[in-house]
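Listed here are the chains, written in short residue letters.
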Amino acid sequence: ARTPWNLRHVAFAMDSKAYARLYPHDAYAATLERGARDDGRPLGRARACSLACGVVSAANVRGSCVAKRGHTTAAAAVRCAVATPDARAPGRGFVDVDVTFATQCGETQRPGRGCAGRDSARETAREALASASAVDAERLCIERGVAVWRVRVDVVILDDDGCAGDCALLAAIGALRDCVLPRARVERGKVVLEDDVEGEDPSTSTAMAVDEEGAHIPALVVNNTPVSLTTALYKGHLIVDPTREEEALSRCLVSVCLTEDGMIRGVFKRGGEVEATEDMLMKCIAAAKHNYSATKQVIEESMADDDDE
């Protein structure tokens, strides 16, 4: 008796996966010869991304966001606390960023073991936000020399299917733009929060701080929107926005961070067997510029949807 078509199809798929595990480079080379990757994308196309803001309702969370790029998923939450300013910068607050990986986020993650991509993802998000001056630290000042806001962005990678740093930055930006701090003032050397002012609806309260002249200004303003895109080098091919399997096969990974003014805010190279040539860097920058507008539009649309709700 002949084997039914659907069973032959399943057997073929299992054989293909087994072959890819045994001979990953040969299998991927055959994929490149077809001109398209396993997910159907050409080499120069990034995966679709999406954001959902305001997803966490915990009392101590001031802003939150879940970001996805392909299957890679990151969740970010913003918390704030009153802090003593640095004596060298008495009118500037603090922005801290941390990135961790959930134990179930990928096949390489195991409890108690270090994560090879964790430091890279944390560095990408932290350096991109700092170099782009995404948050104006001076607007986090409650009273100069007395109290400032310390804003902490915690990002957790829930599913790592490649380019975790890019997705972590996306989630961090969404959470920061979703963030609303309580109004605060200093009375007799103590900071008083005005979230629960009698007769005032906290949901309509605008986060305010005080500048050097005593004028009220927004406490948290995202000035720039940094977006990062990673490109991999594999046997002379540039692979834009690689998946986890493509990252493992690549010889070099370069992430380029841009802002809406077209300025390059950071170039990060993660390990690799070869150096990134000038020609490769220029192509990576071109890919990042080509991708930026589409990603920025997704961010703006997600914030507009959140405002409508």
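The coordinates are above.
Presented here is a report on the structure given in the accompanying data block. (Residues numbered from 1 in each chain as written. Predicted model: local features only at pLDDT ≥ 70, side-chain atom pairs only at ≥ 80, totals over all residues. Heavy atoms only, no water.)

## Comments concerning the pattern of salt bridges
Thought 1: One pass over the full model with this rule turns up 21 salt bridges.
Thought 2: Put simply, Asp39 and Arg41 hold a salt bridge, and the shortest N to O gap is 2.8 Å.
Thought 3: Among the residues examined, Asp39 registers a relative accessible area of 44% and is labelled partly exposed.
Thought 4: A relative accessible area of 7% means that Arg41 is categorised as buried.
Thought 5: A salt bridge links Arg152 to Asp98, with the nearest nitrogen and oxygen atoms 3.6 Å apart. In this pair, Arg152 is assigned in strand β6 (residues 147–159) and Asp98 in strand β4 (residues 94–101), connecting sequence segments 54 residues apart.
Thought 6: A residue is classified by how much of its surface remains accessible, and Arg152, at 35% relative accessible area, is partly exposed.
Thought 7: If you follow the salt bridges from partner to partner, you end up with Asp39, Arg41, Arg47, Arg69, Asp161 and Asp241 in one network. (Salt bridge = Lys/Arg side-chain N within 4 Å of Asp/Glu carboxyl O. Buried < 20%, exposed > 50% of the residue type's maximum accessible area, 1.4 Å probe, protein only. Helix = DSSP H or I, 4+ residues; strand = E, 2+ residues; numbered from the N terminus.)

## Some words on unusual backbone geometry
Thought 1: Positive phi values are uncommon outside glycine, yet Cys163 reaches one of about 60°.
Thought 2: Here Cys163 shows up in the loop between β6 and α4 (164–178).
Thought 3: Assessed through its relative accessible area of 2%, Cys163 is described here as buried.
Thought 4: Phi at Asp241 takes a positive value of approximately 55°, unusual for a residue other than glycine.
Thought 5: Relative to the assigned elements, Asp241 resides in the loop between β12 (237–240) and α5 (244–249).

## Concerning the side chain of Asp241
Thought 1: Take Asp241: its relative accessible area is 0%, and that puts it in the buried class.
Thought 2: A polar side-chain atom of Asp241 sits 2.7 Å from the main-chain amide nitrogen of Arg47.
Thought 3: Apart from the residues lying within four places of it in its own chain, the contact partners of Asp241 are Arg37, Arg41, Ala46, Arg47, Arg69, Cys163, Leu229, Thr230 and Glu246. (Polar contact = N/O pair within 3.5 Å; in protein donor to acceptor, adjacent residues only side chain to side chain. Contact = heavy atoms within 4.5 Å.)

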